[in-house]
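Coordinates in review
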Amino acid sequence: MKRPRTIKAQTGFFDEVESTALVGKAPKFKGTSNPRELRLLALLLRRASVPREQVDSEVGCSNGPDLVARVRELGLGDEHLCCTRIRVVDRDGKVCRPGVYHLSAAGRRAVLRWLAKRRLKL
C-alpha cells in the first residue's frame, strides 16, 4: 500500500495581512501576569507563525485555543492575534485544517509597548 503524501506547515509561508488597514484602530493590550500567557506571547514574538500543536508543547498547556482566546480578551482580539486555517493531508490521507497563530504588526507593537512600560523581558 502506498503511503499518502503529508504536507507540513512551514512558519511564515502564508501572507500576513496588516490588520490595522482593515480595522483602522490599534489594539489596547492590557497585559497579563499569567506565566502561560507570558510564554505564549514570547513564542508569538519569537516566531512569525506558530501551529497549534507547537503552542501546546512549548507553552505547556493542553488546550492552546483556550489560552489564545484568553490572550485575545486582553485587548488583542481576533484581528490582532490571528488564526489562519491551512489545508494539510494527515498521515491517514485525510484532509484537515489545523490552525496557525500569528500576531499582526499592530498586535506585535501593542505587546512590545506593554513590555517596555513594564520593563519586562520575555
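Residues numbered from 1 in each chain as written. Predicted model: local features only at pLDDT ≥ 70, side-chain atom pairs only at ≥ 80, totals over all residues. Heavy atoms only, no water.

**What to know about the pattern of salt bridges**
Note the cut-off: When a carboxyl oxygen of Asp or Glu is within 4 Å of a side-chain nitrogen of Lys or Arg, the pair counts as a salt bridge. Per the convention used, a helix needs a DSSP run of H or I reaching at least four residues, while a strand needs a run of E reaching at least two, with both numbered from the N terminus. The buried label applies to any residue whose accessible area, calculated with a 1.4 Å probe on protein chains only, is under 20% of its type's maximum; exposed applies above 50%, and partly exposed to all values in between.
Within this structure, the stated rule accounts for six salt bridges. D66 is the salt-bridge partner of R70, the closest N and O atoms lying 3.1 Å from each other. In this pair, R70 and D66 both sit in helix α4 (residues 64-80), four residues apart, roughly one turn of the helix. The partly exposed category is assigned to D66, whose relative accessible area is 37%. Three or more residues are tied together by salt bridges with common partners; here these are E37, D66 and R70.

**Here's the deal with α4**
In plain terms, the rule: Multiplying 1.5 Å by the residue count of a helix minus one yields the expected span of that helix. Fitting axes to the seven residues ending at a residue and to the seven starting there, one defines the bend at that residue as the angle between these axes.
The first and last C-alpha atoms of α4 sit only 17 Å apart over 17 residues, clearly below the 24 Å expected at 1.5 Å per residue. Where α4 bends most, the angle comes to about 110 degrees, and this point is L74. Within α4, burial applies to G64, L67, V68, V71, R72, L74, L76, G77 and H80.

**Remarks on the sheet that holds strand β2 (residues 81-85)**
Each strand in a sheet pairs with another by means of backbone hydrogen bonds, the pair being arranged parallel or else antiparallel. We count it as follows: Pairing between strands is defined by DSSP: at least two bridges between them are needed. The contact definition used throughout considers only heavy atoms, calling two residues in contact when any of these lie within 4.5 Å. A fitted line through C-alpha atoms serves as each axis, taken over the contacting stretch for helices, and the angle formed by two N-to-C directions is quoted from 0 to 180°.
Strand order in this open sheet of three strands is β1-β5-β2, and the pairing throughout is antiparallel. The open sheet has two edge strands, β1 (50-51) and β2, and neither has a second partner. Bridge analysis of β1 against strand β5 (residues 99-103) gives two bridges, and the strand direction is antiparallel. Within β5, the residue paired with P51 across the bridge is V100. The strands touched by α4 are β2 and β5; relative to β2, the strand with the most contacts, the crossing angle is about 115 degrees.

**Thoughts on the nonpolar core**
This is how the line gets drawn: For the purposes of this section, nonpolar cores are sets of buried Ala, Val, Leu, Ile, Met, Phe, Trp, Tyr and Cys residues that join through side-chain atoms within 4.5 Å.
One finds F29, L40 and L76 to be the most contacted residues of the largest nonpolar core, which totals 23 residues. Going through the elements one at a time, α2 (35-46), α3 (52-59), α4, β5 and α5 (105-118) are the ones with two or more residues in this core. A per-element tally of this core places α2 first, with six residues. Ignoring sequence-local partners within four residues, the contact set of L76 consists of P27, F29, L41, V71, L81, L103, G107 and V111.

**Describing the confidence of the model for the protein chain**
Test applied: A residue's pLDDT is simply how confident the predictor is in it, with values from 0 to 100.
Residues at a pLDDT of 70 or more form 78% of the protein chain, whose mean pLDDT is 85. Overall, residues 16-23 carries pLDDT values under 50, and its contacts beyond four positions in sequence, including any with other chains, amount to 16 contacts.

**Quick look at the packing of α2 against α4**
Defined as follows: Angles below 35 degrees are treated as roughly parallel, those above 145 as roughly antiparallel, those between 65 and 115 as roughly perpendicular, and all remaining angles as oblique.
Orientation of α2 relative to α4, taken along the N-to-C sense of each, is 85 degrees, at an axis distance of 10 Å. By the angle between their axes, α2 is roughly perpendicular relative to α4. Only L67, V68, R70, V71, L74 and L76 of α4 make contact with α2, whose side of the interface consists of R36, E37, L40 and L41.

**Digging into the side chain of T32**
The criterion, for reference: Pairing of N or O atoms within 3.5 Å defines a polar contact, subject to two protein rules: one partner must be a possible hydrogen donor and the other a possible acceptor, and residues neighboring in sequence count only if both atoms are side-chain atoms.
You can see T32 is positioned in the loop between α1 (20-23) and α2. Polar side-chain contacts of T32 include one of 3.1 Å to the backbone nitrogen of N34. Here E37 takes part through its side chain, which lies 2.4 Å from a polar atom of the side chain of T32. Those residues in contact with T32 that lie beyond four places of it in its chain are E37, L38, L41, L74 and W114.

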